[in-house]
Amino acid sequence: MPAPVPEQIYPDVAAFGSLAAALRAAAERDGLDLDGVTTARTPGWINVGARVARADRIASVVMASEVRAFSSELWSKGVCLSGGTTGDLEMTARLLAFWCGGATLAEVRERYPFMNVGELALAHERGTAVEVKWRLLLESAPDPVRPAVEAAAGQPLLRGLFPFLSHNTLRFSRCTGYPYSADVPHIEATSGNRFRVVAPGGTLVVEGVNARDAAAAIASSLPPGFPPAVAGTAPDLA
């Protein structure tokens, strides 16, 4: 069932029946174009969530249920680049129009200080996400998987891929946005500072090895000149 709009908290939204309709009206009052705003796709959020998609940019908004708050996320090429919350409906409409109209992250941060913009998000915008993500992992990877990150960073073919962690597993993607590609072997931390390498599909490549040998096993399985990661998502690689 679609969630009802809480009238006491959001009378301005309830008057239009849904967040999408209220945002569209707020934009029109400001002379802005939000014709592309649609209701949320997820069942249960239809009245209290909204989404705008233009070219490679997406802006989404959901309403809190117990306090007045519009939580926005700004996406591009499969990456959530910024998020923040305000209780101002008109400001939210302006934010969506600003982002989908082509604003940079620096411009978003300056005009809407409640929106968070991190270092990695700026790197995605600059096209340096792979380099920055490797540096961040080398600085902050947890102990079980840290040796694998350090070893993989020393392999040029792997260093060109987009790295990410999942449950003490170091994975590599040929794209920088989600969904990531799933066609490169990954390294799993086991006990005693040992590691296993698992191929796409779950086939065990090697186990009980040190981090350096695990990283070398993956690098040697890739063809020479294996291309570095590119911006976008796995479907974009097809």
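Read on for an overview of the structure.

Quick notes on the rules
- Residues numbered from 1 in each chain as written.
- Predicted model: local features only at pLDDT ≥ 70, side-chain atom pairs only at ≥ 80, totals over all residues.
- Heavy atoms only, no water.
- Phe/Tyr/Trp six-rings, centres within 6.5 Å; stacked < 30°, edge-to-face > 60°.
- Lys NZ or Arg CZ within 6 Å of the ring centre and 35° of its normal.
- Helix = DSSP H or I, 4+ residues; strand = E, 2+ residues; numbered from the N terminus.
- Buried < 20%, exposed > 50% of the residue type's maximum accessible area, 1.4 Å probe, protein only.
- Disulfide = S-S within 2.5 Å.
- Pairing = 2+ DSSP bridges.
- Axes fitted to C-alpha atoms, helices over the stretch in contact; angles between N-to-C directions.
- Lys, Arg positive; Asp, Glu negative; His and termini not counted.
- Salt bridge = Lys/Arg side-chain N within 4 Å of Asp/Glu carboxyl O.
- Polar contact = N/O pair within 3.5 Å; in protein donor to acceptor, adjacent residues only side chain to side chain.
- Contact = heavy atoms within 4.5 Å.

## Considering the packing of aromatic side chains
This model, assessed by the stated rule, comprises 7 aromatic pairs. Taken together, the aromatic side chains of Phe162, Phe164, Tyr178 and Tyr180 make up a single cluster linked through ring pairs. Of note, Arg111 hangs over the ring of Phe98, and the distance from its end group to the ring centre comes to 4.0 Å.

## What to know about the environment of Tyr180
Following the sequence through the fold, Tyr180 ends up in the loop between β8 (169–173) and β9 (186–189). Taking the relative accessible area as the measure of exposure, Tyr180 reaches 26% and is therefore partly exposed.

## Examining the environment of Ser18
By the element assignment, Ser18 lies in the loop between α1 (11–14) and α2 (19–29). Placed 32 residues apart in sequence, Ser18 and Ala50 show a C-alpha to C-alpha distance of 8.6 Å.

## Description of the state of the cysteines
Taken as a whole, this structure holds 0 disulfides when the rule is applied. In this structure Cys80 is not part of a disulfide, and its nearest cysteine sulfur, from Cys100, lies 13 Å away. Relative accessible area serves as the criterion here: at 9%, Cys100 is assigned to the buried category.

## Considerations on the sheet that holds strand β10 (residues 195–198)
Spatial ordering of the open sheet is given by β7-β8-β9-β10-β11, a layout of 5 strands whose pairing is antiparallel. At either margin of the open sheet sits one strand with a lone partner, and together these are β7 (162–165) and β11 (204–209). Strand after strand, the sheet turns through a mean of 20 degrees between neighbouring axes, direction not considered. Two elements, β10 and β11, share 4 bridges in a ladder whose sense is antiparallel. Looking at the pairing, Arg196 lines up with Glu207 of β11.

## Things to note about the pairing of β8
Here β8 lies mainly inside the structure; 4 of its 5 residues are buried. Where β7 and β8 come together, 4 bridges link them in antiparallel fashion. When the sheet's bridge partners are listed, Phe162 is paired in β8 with Ser173. Hairpin connection of β7 to β8: 3 residues between the antiparallel strands, including His167 at a positive phi of 50 degrees. Strand direction decides the pairing type here: β8 and β9, joined by 2 bridges, are antiparallel.

## Section: the side chain of Arg57
Tracing the backbone through its elements, the reader meets Arg57 in strand β3 (residues 57–63). One buried charged residue, Arg57, remains without a salt bridge, the closest side chain of opposite sign being Asp56 at 4.5 Å. Polar contacts involving the side chain of Arg57 include one to the main-chain carbonyl oxygen of Trp99, which spans 2.7 Å. Apart from the residues within four sequence positions on either side, Arg57 is in contact with Val52, Trp75, Ser76, Trp99, Cys100, Gly102 and Ala103.

## So, the pairing of strand β2 (residues 49–54)
Alignment of strand β1 (residues 38–39) against β2, held across 2 bridges, turns out to be antiparallel. Counted as the bridge partner of Thr39 is Ala50 from β2. Examined bridge by bridge, β2 and β3 share 6 bridges and lie antiparallel to one another. Its bridge partner being in β3, Arg54 is matched across the sheet by Arg57. The antiparallel pairing of β2 with β3 creates a hairpin that spans 2 residues between the two strands, and Ala55 there sits at a positive phi of about 55 degrees.

Worth remembering: the numbers are spatial, not functional.
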